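Reading the structure
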Amino acid sequence: MPERLDLDAIEAEVRRRNLPIGQPLRWSEQTASTNADAVRAANEGASHGTLFLADWQSAGRGRSGRTWLSPPGENLMMSLVLRPEIPAAQLASITLALGLGVADAVTTFVDPAAVGIKWPNDVHVRSKKIAGILVEGAVSSERCDHVVVGIGLNVSQTEFDPSIAALATSLALEAGSVPTRTEVLLSVLSSLSNRLTGFEEGGLSSMLDDLRARDVTKGRAIRFGSEEGVADGIDAAGRLRVLVGGEVKMLHAGDVKIVP
Ligand code: BTN
């Protein structure tokens, strides 16, 4: 029986913790995509911190044009409208800070040593993906007008489509006891708030050590596009350094695959 999100408790706790994100809360039992809803709302002027939550998405969006599938009521599907005071050039690095925030939240429930980040911002537990993040940003002149961060975090799901079963995991499979989606959401909002404040005050360099400590690609053979190389760490601008033959390549964005 899928557990119901406790919307009253979420709103009360966001106020009690004085979180800068998480309200107003827009909940849908079902929608096409919370990211699509949040992008539309952001373009219509939605305020910083507006949260879109759904129990089920009929057209969930993943990175690189993929779809994000999640059974009704089992996992967290959320999108936030953010209006950070940052130059447009920092859009790529805020993506990494947001991934770190989600990873921090996962460490509340899972052995922190088992939690990693696959550049740029997939959250892994013991080499399997537990959360995916899709950041969509809009720029007006040199400033970032808004960022929509969409997060899919697997909470209670224990069975996955055969095509991803070897690659995906959830808190139910990794945590000592399964938290409610309400608890997980509040943890994500708190951790993201901390990382966003840190990012606005000190940029990505202020959290680079934490990010590097979670980097699961470091020293591993990776595939990106049609090329292969060895990942060699993340720089202060959030780029992934890759050794390809005798050459160094810096990746700004995109998807990488760890070669098994
Ligand atoms: C990825 O491909 O890893 C990113 C997946 C992001 C999925 C989330 S679920 C909530 C939000 N709404 C969407 O349509 N996508 C994001």
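These figures come from a predicted structure and were not determined experimentally.

A look at the side chain of Ser191
Considering the arrangement of structural elements, one finds Ser191 in helix α5 (residues 181–202). Not counting the four nearest positions on each side in its chain, Ser191 is found in contact with Gly101, Asp104 and Ala105.

Re the nonpolar core
Counting 62 residues, the largest nonpolar core has Met78 and Leu153 as the members making the most contacts within it. Here Leu153 is in contact with Asn75, Leu76, Val102, Val106, Ile130, Ala131, Leu171, Val184 and Val188, once residues within four sequence places are set aside. By size, the runner-up hydrophobic cluster in this structure holds seven residues, among which are Ala41, Ala42, Ala46 and Val148.

Focus: the sheet that holds strand β6 (residues 128–140)
Strand order across the open sheet formed by seven strands is β1-β2-β3-β7-β6-β5-β4, with mixed pairing between neighbours. Both edges of this open sheet fall to β1 (25–31) and β4 (115–118), since each of them pairs with a single strand only. For this sheet the average axis-to-axis angle between neighbouring strands, irrespective of direction, equals 20°. Pairing geometry for strand β5 (residues 122–125) and β6, over three bridges, is antiparallel. What sits directly across from Val125, in β6, is Lys128.

Topic: the sheet that holds strand β9 (residues 227–234)
Strands sit in the order β11-β10-β9-β8-β12 across an open sheet of five strands; the sheet is antiparallel. Each of the sheet's edge strands pairs with one partner strand only, and the pair in question is β11 (247–251) and β12 (257–258). In this structure, strand β8 (residues 221–224) lies alongside β12, joined through two bridges in antiparallel fashion. Within β12, the position partnered with Arg223 by the bridge is Lys257.

Section: the pattern of salt bridges
With the rule as written, the count across this model stands at 18 salt bridges. A salt bridge links Asp235 to Arg239; the shortest N-O distance between them is 2.7 Å. Since its relative accessible area comes to 16%, Asp235 is described here as buried. A single network of salt bridges, built from pairs that share partners, joins Glu13, Arg16 and Arg17.

Digging into α5
The end-to-end C-alpha distance of α5, which contains 22 residues, comes to 31 Å, matching closely the 32 Å that a straight helix rising 1.5 Å per residue would cover. Once α5 ends, the next one or two residues include Gly203, with phi positive near 70°.

A few points about the pairing of β9
When β8 meets β9, the two strands line up antiparallel, connected through four bridges. In the sheet register, Phe224 faces β9, and the bridge partner there is Glu227. Taken together, β8 and the strand that follows it, β9, pair antiparallel across an intervening segment of two residues, in which Gly225 is found at a positive phi of about 55°. Here β9 runs beside strand β10 (residues 240–244); their pairing, made up of three bridges, is antiparallel. Within the sheet, the bridge partner assigned to Ile234 lies in β10 and is Leu240. If you look at the hairpin formed by β9 and β10, you'll find five residues sitting between the two strands, and Gly238 has a positive phi there, around 90°.

Conventions we followed
- Residue numbers run consecutively from 1 along every chain, following the written order of its sequence.
- Only residues with pLDDT of at least 70 get local features here, since the model is predicted, and only at 80 or more are side-chain atom pairs given and counted; chain-wide, interface and lining totals rely on the full set of residues.
- To obtain the side-chain values, all non-hydrogen atoms of the structure were used and water was disregarded.
- Numbering goes from the N terminus for both helices and strands, where a helix is a DSSP run of H or I of at least four residues and a strand is a run of E of at least two.
- Should any heavy atoms of two residues lie within 4.5 Å, those residues are counted as being in contact.
- Only buried residues count toward a nonpolar core, which is a set of Ala, Val, Leu, Ile, Met, Phe, Trp, Tyr and Cys residues joined through side-chain atoms within 4.5 Å.
- Burial classes: relative accessible area under 20% of the type maximum marks a residue as buried, over 50% as exposed, and values in between as partly exposed (1.4 Å probe, protein chains only).
- Only strands joined by at least two bridges in the DSSP assignment are considered to pair.
- Axis definition: a line fitted to C-alpha atoms, over the contacting stretch in the case of helices. Angles run 0 to 180 degrees between N-to-C directions.
- Salt bridge, as used here, is a side-chain nitrogen of Lys or Arg placed within 4 Å of a carboxyl oxygen of Asp or Glu.
- Here, expected helix span is obtained from the residue count minus one, scaled by 1.5 Å.

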